[in-house]
Protein chains: 2
Amino acid sequence: MKIYKAHILFTKEKDHFEVIENGYIGVDDGHVVGVATDDSVFQCPEAEVIDLGDRLLIPAMNDIHVHAPQYRNLGLAMDLELLDWLDNYTFPEESRFADIHYAERMYRRFVHDLWRHGTMRTVCFATTHLPATRLLMHLFREAGMSAFVGKVNMNRNCPEALCETLEAAEQACETMVREFGDADSLVRPIITPRFIPSCTPEMLQLCGKLAQQYQLPVQSHLSENTSEIELVRTLEPESSSYGDAYNRYGLFGQTPTIMAHCVWTEGKELELIRKNDVIVAHCPTSNFNIASGMAPIRTFLDSGISVGLGSDISGGHDLSIFRMMVYAIQVSKMHYQRDKSKHFLTLSEAFWLATKSAGRFFGHVGSFEPGYDFDALVIDDSDLNHDHYSLLHRLERFIYVGDDRNIVHRFCRGREITEPAVIA
Amino acid sequence: MKIYKAHILFTKEKDHFEVIENGYIGVDDGHVVGVATDDSVFQCPEAEVIDLGDRLLIPAMNDIHVHAPQYRNLGLAMDLELLDWLDNYTFPEESRFADIHYAERMYRRFVHDLWRHGTMRTVCFATTHLPATRLLMHLFREAGMSAFVGKVNMNRNCPEALCETLEAAEQACETMVREFGDADSLVRPIITPRFIPSCTPEMLQLCGKLAQQYQLPVQSHLSENTSEIELVRTLEPESSSYGDAYNRYGLFGQTPTIMAHCVWTEGKELELIRKNDVIVAHCPTSNFNIASGMAPIRTFLDSGISVGLGSDISGGHDLSIFRMMVYAIQVSKMHYQRDKSKHFLTLSEAFWLATKSAGRFFGHVGSFEPGYDFDALVIDDSDLNHDHYSLLHRLERFIYVGDDRNIVHRFCRGREITEPAVIA
């Protein structure tokens, strides 16, 4: 057992922070034994005690929606409308991942920068290319970080270079399962139909079948913008909603499922999400940048729907999940401004979304309760702390004002994660 | 004359960037002589040529609405509603500026961090305290940075410690004019009634009189939230709008005037702003954080109204005007999402707001046209530039993804500004 001493903050419940000043956290075999104000409770006098001084110890970040191959496009071409942006930036960039050397250069940078921003767990889209996707999974494994990585499935409304056959899709899935199928592994595959407009009914059917057969989780996009919803209505006229279309193919909670955006989700679709325990990936910067609208997160929480945060690179422009907390609060404040019955998200709620709520997708992740994986960040906020603040105010200031410079240690399942290598 | 060589980008017009790859800019006596692709056009062979290499040279940032004494509260207590936040955080903090030693510690940090983020020109609120306000002006002067600093006027609806008499207000103004009245100085006073709810009619009258008498500019807050507007309607029943109330006191464009927020400005108030050439300080993070609503900047621009950007610390949580550009674009995208006739702000428009449009308040500032003050930043984006991008894309990525680490030189009126001292 190792025991870390620091100011410990986390959210067991969404409504408030647990704050243990000069607290101790016992960690054994990668998991949290407990948190205490006195290390003697661990009854382990031989345990190494690591004193982190006047620093904050918090759960690490989870990013549950991000496009790894779009990392080069981060912060680029934000003046374009969605379709021009896809055709001129997104698809051409994704096509380049047929080149494994290019993929390695970009994916190493991506994994490095997730590390830099304290994101230890990621649910990401790769491309349709199997070799590059396997490489990304190996890079996460090499770094010691956790990820669900989706080899993207698509076979319509996309450039030929990114179109795949049903056979290739099935074989690729089998390869991924063979190589990364261990349920206890930190890096695992996830079934990833891009979204309904880019998959034929046959492809969607195959995706549902593979998810069932290998008991794999699922991720996709849902109800991001109004014209997309209109298009899906035409493509799947028998479905009662966009979400119901996924549901009919076994891609909506039959296995653990994340749906990104849900900006315009309401009524029957909202009810289906709740019933099927689908997790919503809220991507607030992307909501703004792509002019989609603002997802109604308070409504989702009030309905008992699970929500996590996603950076959605490169629709989003910031890889930091701390920035996503700020943006999620801001989006909710715009809803509140118009309807005072929808109270805005508090800091503890936003923190909980990014940690314990999102972490559920990975198992016992995102909290410091006994049995949880010890995924943690050590925050040195001395450069922000130029006057006396409470511990909660220090955390709030780090979230609003700090950045990656303040993150001085990172842990994933108990192991300290050092800086991953990049290719210059 | 000095000649700087770098990749030069600026916005002469709002609709596009001037981009000069490996360009030259001639600077004489603090002012831009011209920009060229060849240094021989300056016909000054003895001029020192400073080669800045593969870096971007852009105009420095202008922040036209920020509360200097609220800097300690940056990123704090964002869960509170406006009134609780004012009573428990803002007013108590401002009261501490009666202590000149406290003021020096905080104001040095504030000036330092403006420098850090590349803001060379600031229009700021101080407090009602004359000694602390004079100190702040001396600190700007010592740093070589430019500012309009407002000793705040208020005498109602505020804690006693921040309440002042008319006599004190008048004397303080006279002192400031005596000390900082030189129209060519980089640091100048500005008449600053906090807002109508915190000033009696007599105080507003005095402010208008002083502005007229000493030909001083004016700044205040306008139409930030709906209950504030309702309150002003009660306090000033004879005025046709909140803006008209300022106008009746000679505080609305009779001398150059900045009004912060204008979230709910429309109709007659909008028309009066246009007619009187009042400049709007758009503070997008503050619009979100305080749940005020989203200012209709496209409407203002379409109406020919001048707009600049403000960080509005600590309603805003970020001192970086580059971040304000991103947020301003995002606010405009939410208007666009609801009304496609209001096209969102482009990057060049946001950049122009922060540079040439805001810079007009200071004279010829914010562009690299001949005769403009040479206010500039040198951007080293090599850490962002891990693949080949165009110069415009490099600038866009710096704005969206970069931060103060990328700013390697700062100039204000021709002089390189080195790091201002802080008190530990």
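Here we summarise the structure given alongside this text. This is a predicted model, so every value here is computed, not measured. (Residues numbered from 1 in each chain as written. Chains lettered and ligands numbered in written order. Predicted model: local features only at pLDDT ≥ 70, side-chain atom pairs only at ≥ 80, totals over all residues. Heavy atoms only, no water.)

Helix and strand counts for chain A come out as 13 helices and 17 strands. With respect to the principal axes defined by its C-alpha atoms, chain A has extents near 60 × 50 × 40 Å. Expressed as a percentage of its 424 residues, the buried residues of chain A come to 66%. Contacts in chain A between residues far apart in sequence, at least 24 positions, make up 75% of those at least 6 positions apart. When the accessible surface of chain A is totalled, it reaches about 14,600 Å², and 49% of it is carbon and sulfur. (Helix = DSSP H or I, 4+ residues; strand = E, 2+ residues; numbered from the N terminus. Buried < 20%, exposed > 50% of the residue type's maximum accessible area, 1.4 Å probe, protein only. Contact = heavy atoms within 4.5 Å. Areas by Shrake-Rupley, 256 points an atom, 1.4 Å probe, with all protein chains shown as cover.)

All names here are of chain A. The N-to-C vectors of helix α11 (residues 321-338) and helix α12 (residues 347-359) enclose an angle of 135 degrees; their axes lie 9 Å apart at closest approach. On the basis of their axis angle, the class for α11 and α12 is oblique. For the element pair α11 and α12, the recorded crossing hand is right-handed. In this structure, α11 contributes I321, M325 and I329 to the contact, and α12 contributes L347, A350, F351 and A354. Grouping the constituent residues of the contact of α11 with α12 by class yields seven nonpolar, no polar and no charged. (Axes fitted to C-alpha atoms, helices over the stretch in contact; angles between N-to-C directions. Parallel < 35°, antiparallel > 145°, perpendicular 65-115°, else oblique. Left-handed = near helix turned anticlockwise from the far one by under 90°. Nonpolar A, V, L, I, M, F, W, Y, C, P; charged D, E, K, R; others polar.)

Frequently, the measure chosen for interface size is the accessible area that the parts lose on association. Contacts between chain B and chain A engage 52 residues on the former and 52 residues on the latter. Across the chain B to chain A interface the summed buried area is about 4,500 Å²; carbon plus sulfur atoms make up 48%. Broken down residue by residue, the surface that chain B buries against chain A is led by R72(B), D79(B) and H386(B), which jointly contribute 13%. Applying the counting criterion to the chain B and chain A interface returns four salt bridges. At the junction of chain B and chain A, the tally comes to 26 residue pairs in polar contact (both at pLDDT 80 or more). For the side of chain B that touches chain A, the elements supplying multiple residues, two or more each, are α2 (100-116), α9 (284-289), α11 (321-338) and α13 (391-401) of chain B. (Buried area = accessible area lost by both parts, 1.4 Å probe. Salt bridge = Lys/Arg side-chain N within 4 Å of Asp/Glu carboxyl O. Polar contact = N/O pair within 3.5 Å; in protein donor to acceptor, adjacent residues only side chain to side chain.)

Here the focus is helix α5 (residues 201-213) of chain B. All names here are of chain B. Relative to the 18 Å expected for 13 residues at 1.5 Å per residue, α5 spans 18 Å between its end C-alpha atoms, a close match to the ideal helical length. Among all positions of α5, only M203, L204, L206, C207, G208, L210 and A211 are buried. Backbone geometry just downstream of α5 places Q215 in the positive-phi region, at approximately 50 degrees. (Expected span 1.5 Å × (residues − 1).)

All names here are of chain A. Under the defined criterion, the tally for this structure stands at 53 salt bridges over all chains. Across the pair R55 and D380 runs a salt bridge, and its minimum N-O distance is 3.5 Å. Of the two residues, R55 sits in strand β4 (residues 48-59) while D380 sits in the loop between β15 (376-379) and α13 (391-401), which places them 325 residues apart along the sequence. Since its relative accessible area comes to 25%, R55 is described here as partly exposed.

Here the focus is the packing of aromatic side chains. Between two aromatic rings, the relevant description is the distance of the centres plus the angle of the planes. Residues and elements named next belong to chain A. Tallied over the full model, the rule gives 38 aromatic pairs over all chains. Three or more aromatic residues joined by ring pairs make a cluster, and in this case those are Y4, F10, F368, F374 and F411. Above the face of the W115 ring, R410 is positioned so that its terminal group lies 3.8 Å from the ring centre. (Phe/Tyr/Trp six-rings, centres within 6.5 Å; stacked < 30°, edge-to-face > 60°. Lys NZ or Arg CZ within 6 Å of the ring centre and 35° of its normal.)

A few words on the state of the cysteines. All names here are of chain B. Evaluation of the coordinates by the stated rule reveals zero disulfides over all chains. Of all cysteine sulfurs in the structure, the one in C199 sits closest to C207, which takes part in no disulfide; the separation is 5.7 Å. We note that C262 lacks a disulfide partner, and the nearest cysteine sulfur, in C283, lies 9.1 Å from it. What makes C262 buried here is its relative accessible area of 0%. (Disulfide = S-S within 2.5 Å.)

All names here are of chain B. Taken in spatial order, the four strands of this open sheet run β5-β6-β7-β9, and their pairing is parallel. Among the strands making up the open sheet, the edge pair consists of β5 (61-67) and β9 (187-189). Neighbour-to-neighbour, the strand axes of this sheet turn through a mean angle of 15 degrees, independent of strand direction. Across three bridges, the pairing between strand β7 (residues 146-150) and β9 is parallel. Residue V149 lies in a different strand from β9, and its bridge partner there is P189. Most of the contacts of α11 go to β5, to which it runs at about 85 degrees, and overall it touches β5 and β6 (119-125). (Pairing = 2+ DSSP bridges.)

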